[in-house]
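# Structure assessment
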Protein chains: 2
Amino acid sequence: MYPGVVARRKDPAVRTQLIERAAHMLRTREPITLRSLVAGTSMSTMAVYTHFGGMDGMWKALRQEGFTRLGARLAQVTPSADPVRDLTALVTAYLGNALDHPDLYRVMFDANFDLEDAQAADDTLEYLVQAAERGRRAGRYRADTNPLELATQSWAVAHGLVSLVATGPLPRPTLAHGPLLLTALFTATGDDPDRCRQSVEQGWQPGLADD
Amino acid sequence: MYPGVVARRKDPAVRTQLIERAAHMLRTREPITLRSLVAGTSMSTMAVYTHFGGMDGMWKALRQEGFTRLGARLAQVTPSADPVRDLTALVTAYLGNALDHPDLYRVMFDANFDLEDAQAADDTLEYLVQAAERGRRAGRYRADTNPLELATQSWAVAHGLVSLVATGPLPRPTLAHGPLLLTALFTATGDDPDRCRQSVEQGWQPGLADD
DNA sequence: ATACATAACATAGCTGTGCTATGTTTTGAT
DNA sequence: ATCAAAACATAGCACAGCTATGTTATGTAT
């Protein structure tokens, strides 16, 4: 007998190729089907099943990839001395990501969320929570402010705006309401109105409502 | 010859039956396919093509139906002497509709909006615009308030919250953030903070964050 | 080096999808 | 009663995702 015999292993590169190709096809608006996904490549349809268990698993992995890219974008927001500005910048980065990859953004929130995806969403939310926490410690928000709640509220505002614009009926300039909404939220959470307006304006990167 | 001969007409009842059945299947989470939609009825698959031109047209009509039902629900909010309460009540009705019919709500905002759907969305938004306009005339908001903008902002807040809850990763109690967000928005638009809080609390119908 | 159990991979065919083609029936103004 | 037109019924098409089955590559133990 050969007891410890172990079989051929999955090639992680194949998995990576598949989701990157899927993301690219999503961006170029090509229909993503089992066969179209592997057409022209050296991979066969079975690769989708060995690596994802089927097309549903592939879409799930693609959602995960979307959250990973979103996280990378949020990570690029470097914390400054002004945590209110930072939270605004994070929201702006969130909007920018959704506008740059509207189809991927839709896929991320389209499907029935399962536990794994919810965790991915929570992970990106954590960036906002940290900024909210720093704002509370800096005395910008009331002492009894719950950072998770403020982060969730900011997220809801951002998601509402951008989903109505990126994949909804509202025109792009509607995003210009972002600063007002964020200022209203942060002010209601305890920040000084004038100071808040300045911080939000500094954190609100240009290139969203324009072009 | 028989020049003015006119052919058989479409039976509106068939169209109604189809979309009502589709709405029911959506609610009961049955997969909606061309064949499953007409299975067990006296209608054939061709009915979908004569009345909607295909499944895409059926989905479009279903979206329209969703907006019609939303409009009916918003129409049930009877204006009171307090327009801020009324706007809150409209937002609450919007949330209630989405929570009662989450799958229909998703269909409404899922697909690529075309002109017709955008018009339907605008029509329901008009309810909010009217309430905002009355609030401005009543002196609750600043005189330079744009009712359409305030309505849009209220909509964005409501949509962000409810889409993250009804079809997203956030738990239902997250909706309890609604009053704070609305109060923040209305206060930023000029309403007196204390008075606003009261109005929002009166307009915020129970039975949302609970059960 | 060789054997071989295992799983990745390749291919063909299955069911079910929306849609179209074609024939039949119903309609309603003449 | 006539008959053109459109609604309706049926069958079959291409393509979707998936599964069954045979083949190949792999990595450990001999």
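The rules behind these values
- Residues numbered from 1 in each chain as written.
- Chains lettered and ligands numbered in written order.
- Predicted model: local features only at pLDDT ≥ 70, side-chain atom pairs only at ≥ 80, totals over all residues.
- Heavy atoms only, no water.
- Core = buried A, V, L, I, M, F, W, Y, C linked by side-chain atoms within 4.5 Å.
- Buried < 20%, exposed > 50% of the residue type's maximum accessible area, 1.4 Å probe, protein only.
- Contact = heavy atoms within 4.5 Å.
- Least-squares fit on C-alpha atoms with pLDDT ≥ 70 in both.
- 1 Å grid on protein atoms, 1.4 Å probe; cavity = no way out; pocket = protein on both sides within 12 Å on 5 of 7 lines; lining within 4 Å.
- Points joined across faces, edges and corners; volume = space filled by probe spheres on them.
- Helix = DSSP H or I, 4+ residues; strand = E, 2+ residues; numbered from the N terminus.
- Nonpolar A, V, L, I, M, F, W, Y, C, P; charged D, E, K, R; others polar.
- Buried area = accessible area lost by both parts, 1.4 Å probe.
- Salt bridge = Lys/Arg side-chain N within 4 Å of Asp/Glu carboxyl O.
- Domains from an automatic or database assignment.

## Thoughts on the nonpolar core
- If you look at the biggest cluster of nonpolar residues, it comprises 132 residues, and the most contacted ones within it are A:Phe186 and B:Phe186.
- In this view, A:Phe186 contacts A:Val84, A:Leu87, A:Thr88, A:Tyr141, A:Leu150, A:Ser154, A:Asp191, A:Cys196 and A:Val200; residues no more than four positions away in its chain are not counted.

## Section: the relation of the copies chain B and chain A
- The two copies are related by a screw motion: chain B maps onto chain A through a turn of 180 degrees and a shift of 0.0 Å along the axis, at an RMSD of 0.1 Å. Taken together, the turn and the small shift mark the pair as related by a two-fold rotation axis. Identified as the residue of chain B closest to the rotation axis by C-alpha distance is B:Gly160, at 1.7 Å.
- When the interface residues of chain B are mapped onto chain A, 100% of them are again interface residues, pointing to one common binding face.

## Here's the deal with the layout of surface pockets
- The space that makes up the largest pocket amounts to roughly 770 Å³.
- A:Arg106, A:Asp110, A:Ala111, B:Arg106 and B:Asp110 are the residues nearest the centre of the largest pocket, which is lined by 25 residues in total.
- Of all the secondary-structure elements, those providing two or more residues to the lining of the largest pocket are helix 4 (55-75) and helix 6 (102-110) of chain A together with helix 4 (55-75) and helix 6 (102-110) of chain B.
- Split into classes, the residues belonging to the lining of the largest pocket amount to 11 nonpolar, two polar and 12 charged.

## Focus on the interface of chain B and chain A
- In this complex, chain B contributes 30 residues to the contact, which on the side of chain A involves 30 residues.
- For the chain B and chain A pair, buried surface summed over both sides reaches about 2500 Å², with 71% attributable to carbon and sulfur atoms.
- Summed over the three residues of chain B that lose the most area to chain A, namely B:Leu164, B:Pro169 and B:His177, the buried surface amounts to 19% of that side.
- Where chain B meets chain A, there are zero salt bridges.
- Counting residues per element, the side of chain B that touches chain A draws most heavily on helix 8 (residues 147-166) of chain B, which supplies 11 residues.

## Looking at the domain arrangement of chain A
Residue and element names in this part refer to chain A.
- Per the domain assignment, the segments of chain A are domain 1 (8-53) and domain 2 (62-203).
- Relative placement of domain 1 and domain 2: their C-alpha centres are 31 Å apart.
- Listed per partner, the contact involves six residues of domain 1 and six residues of domain 2.
- Between domain 1 and domain 2 the total buried area reaches about 620 Å² when both faces are included, carbon and sulfur atoms providing 64% of it.
- Of all residues in domain 1, Ile19, Leu26 and Arg29 give up the largest surface area on contact with domain 2, accounting jointly for 61% of the area buried on that side.
- At the junction of domain 1 and domain 2, the tally comes to one salt bridge.
- Across the pair Asp103 and Arg29 runs a salt bridge, and its minimum N-O distance is 3.2 Å.

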